[in-house]
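# Observations on the model geometry
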Number of protein chains: 2
Amino acid sequence: MTAANGRASTTGSGSAGRTAADAGTTRGRAADGAPAGRGPVDDTVAAVVRQWQAVHPHIDTAPMEIIGRINRCAALLQQAEDAPLRRAGLTRPEFDVLGALRRTGHELTPGEIARETFSSGAAVTKRLKQLSERGLIERHGDTRDRRVAHVHLTDAGRDLIDRIQPEQLSYERIALSGLDGDGQQDLAALLGELLIQLEGRLGAPRG
Amino acid sequence: MTAANGRASTTGSGSAGRTAADAGTTRGRAADGAPAGRGPVDDTVAAVVRQWQAVHPHIDTAPMEIIGRINRCAALLQQAEDAPLRRAGLTRPEFDVLGALRRTGHELTPGEIARETFSSGAAVTKRLKQLSERGLIERHGDTRDRRVAHVHLTDAGRDLIDRIQPEQLSYERIALSGLDGDGQQDLAALLGELLIQLEGRLGAPRG
DNA sequence: AGCAGGTGTTTTACTTGTAAAAGATATGCG
DNA sequence: CGCATATCTTTTACAAGTAAAACACCTGCT
């Protein structure tokens, strides 16, 4: 259950949560969607940004407002998402292995699983050992190339992922429900755009 | 340098990177910004989503398209961001500690640092030990309440963070440069909205 | 005063991840 | 054929993180 980190930084991020004013918000849809009421709510990243600006009045903090928020959202969502998995006694990385096997619909080699789940081969080896001890997956060697193994879900593994995955999706839907439908679509599209750039640039060529 | 994870999952995420078509994109601004050329590029999350839809034709994959992308972006950005820090021999969590001290402008107790950086007290204890062994911070006990310690940057620590933080920001700016100015502002605003909801719901009350 | 209970920090025991090396095969080329 | 080199997976040694317990110290109440 451990090592489910929860990073949150951006250029020295973290945050407090005090203060009140308004600062790095934008035009279009922003923090002004609220009917009338109480002053603009502030996320923790905005507070951090303000602190940095007080220290270095001239810096351009735009990157922090995106990257800091991505990291912080990832951390908070992971905490929330972990709940359904915890109940099933699975870690997220383990869940990802089962998910990869389920959604591809066929056997995978450890190397393929590593690529599918963006983890190191060594980490996958460990996870596979545990998952097979729990009877959720099985492995057998390739007959042609005896270096490679093939991994597949057992019936139990398949049942488990099929039971948990919908719970997981529901959980996520609730977590995102603070954003309306349009907001969600816009956010997904923007993140997709960014991701394409990042994967092209930083991600492996991955033919 | 270790334990700088790099999670990427959403409900059994991970991804391949094959396939080509188009699927879960949205209206408004999307993957159609390219002048003419080659078919719509696809991020890895879109491919995963398609795989799931092939397996369970009726599921609503909307949450995956946001959360999966947030996680994947976070993982890729962290890799990239780590570069400048690595050169300085700092891990991200260590950098966050220095950043918190620098941006608040005053001494912090270990507990405050833990809150600022969203980490556990135990983790902070370890980081402080290392940072002080490297001469970047110093600590002294509170005279009133001898349980508490006060931590402050040394001159060396301050010089280090002041040198690295701008590099870090530049790095981040480049990483985000695939998105135009409007896209960045919209993204920051939407993430801020989401974050406010998440922090209100999942984050500690944090008065 | 004296103690029950709370708070700030560190320690302990253990889990998991990583990098690099080791194993075990495959493959290509002279 | 036979070796050098590349590939797939696992092992090894080690670095952090976590939860829970241990410490050390305050505070308030009787």
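Scroll up for the structure.
Quantities reported herein were computed from a predicted structural model and do not represent experimental measurements.

### Structural notes on the nonpolar core
Among the nonpolar cores identified, the biggest contains 87 residues, and Ile70, Leu98 and Leu187 of chain A together with Ile70, Leu98 and Leu187 of chain B are the most heavily contacted of them. Those residues in contact with isoleucine 70 of chain A that sit more than four places away from it in its chain are Leu191 and Leu194 of chain A together with Ile70, Cys73, Ala74, Leu77 and Leu191 of chain B.

### Brief notes about the protein's contact with DNA strand D
Near DNA strand D, the surroundings consist of 26 residues, among which Pro110, Gly111, Arg139 and Arg147 of chain A together with Ser120 of chain B are the closest. The share of sugar and phosphate among atoms of DNA strand D within 4 Å of the protein is 70%. A distance of 3.3 Å is found between a phosphate oxygen of DNA strand D and a backbone nitrogen or oxygen belonging to alanine 149 of chain A. Those elements giving two or more residues to the surface near DNA strand D turn out to be helix H4 (110-117) and helix H5 (121-133) of chain A together with helix H5 (121-133) of chain B. Here the element with the most residues in the surface near DNA strand D is H5 of chain B; it accounts for 5 residues. Class assignment of the residues belonging to the surface near DNA strand D gives a composition of 9 nonpolar, 9 polar and 8 charged.

### Considerations on H5 of chain A
Residue and element names in this part refer to chain A. Here H5 spans 18 Å end to end across 13 residues, near enough to the 18 Å set by a 1.5 Å rise per residue. When H5 is considered as a whole, its buried residues turn out to be Val124, Arg127, Leu128 and Leu131. Down the axis of H5, the buried set is contained in an arc of 105°. They therefore lie on one face. In this structure, H5 carries Ala122, Lys126, Lys129 and Glu133 as exposed residues pointing more than 90 degrees from its buried face. In this structure, the buried side of H5 is in contact with helix H3 (92-104), H4, strand S1 (137-141) and strand S2 (149-153). After H5 finishes, the residue glycine 135 shows a positive phi value of roughly 75°.

### So, the pattern of salt bridges
Inspection of the entire model under this criterion finds 20 salt bridges over all chains. Here aspartate 60 of chain B makes a salt bridge to arginine 173 of chain A, at a shortest N to O gap of 3.2 Å. Highlighted residues: aspartate 60 of chain B in the loop between helix H1 (44-55) and helix H2 (62-88) and arginine 173 of chain A in helix H6 (residues 155-176), drawn from two different chains. The exposure class assigned to aspartate 60 of chain B is partly exposed, which follows from its relative accessible area of 39%. Judged by its relative accessible area of 33%, arginine 173 of chain A is partly exposed. Between arginine 72 of chain B and glutamate 199 of chain A there is a salt bridge whose closest N-O contact spans 3.0 Å. A residue pair is termed interchain when its members come from two chains, as with arginine 72 of chain B in helix H2 and glutamate 199 of chain A in helix H7 (residues 181-201). No difference in accessibility class separates arginine 72 of chain B from glutamate 199 of chain A, as the two residues are buried. Where salt bridges share partners, they join Asp43, Glu65 and Arg69 of chain A into one cluster.

The rules behind these values
- Residues numbered from 1 in each chain as written.
- Chains lettered and ligands numbered in written order.
- Predicted model: local features only at pLDDT ≥ 70, side-chain atom pairs only at ≥ 80, totals over all residues.
- Heavy atoms only, no water.
- Core = buried A, V, L, I, M, F, W, Y, C linked by side-chain atoms within 4.5 Å.
- Buried < 20%, exposed > 50% of the residue type's maximum accessible area, 1.4 Å probe, protein only.
- Contact = heavy atoms within 4.5 Å.
- Near = heavy atom within 4 Å.
- Polar contact = N/O pair within 3.5 Å; in protein donor to acceptor, adjacent residues only side chain to side chain.
- Helix = DSSP H or I, 4+ residues; strand = E, 2+ residues; numbered from the N terminus.
- Nonpolar A, V, L, I, M, F, W, Y, C, P; charged D, E, K, R; others polar.
- Expected span 1.5 Å × (residues − 1).
- Arc of directions from axis to C-beta.
- Salt bridge = Lys/Arg side-chain N within 4 Å of Asp/Glu carboxyl O.

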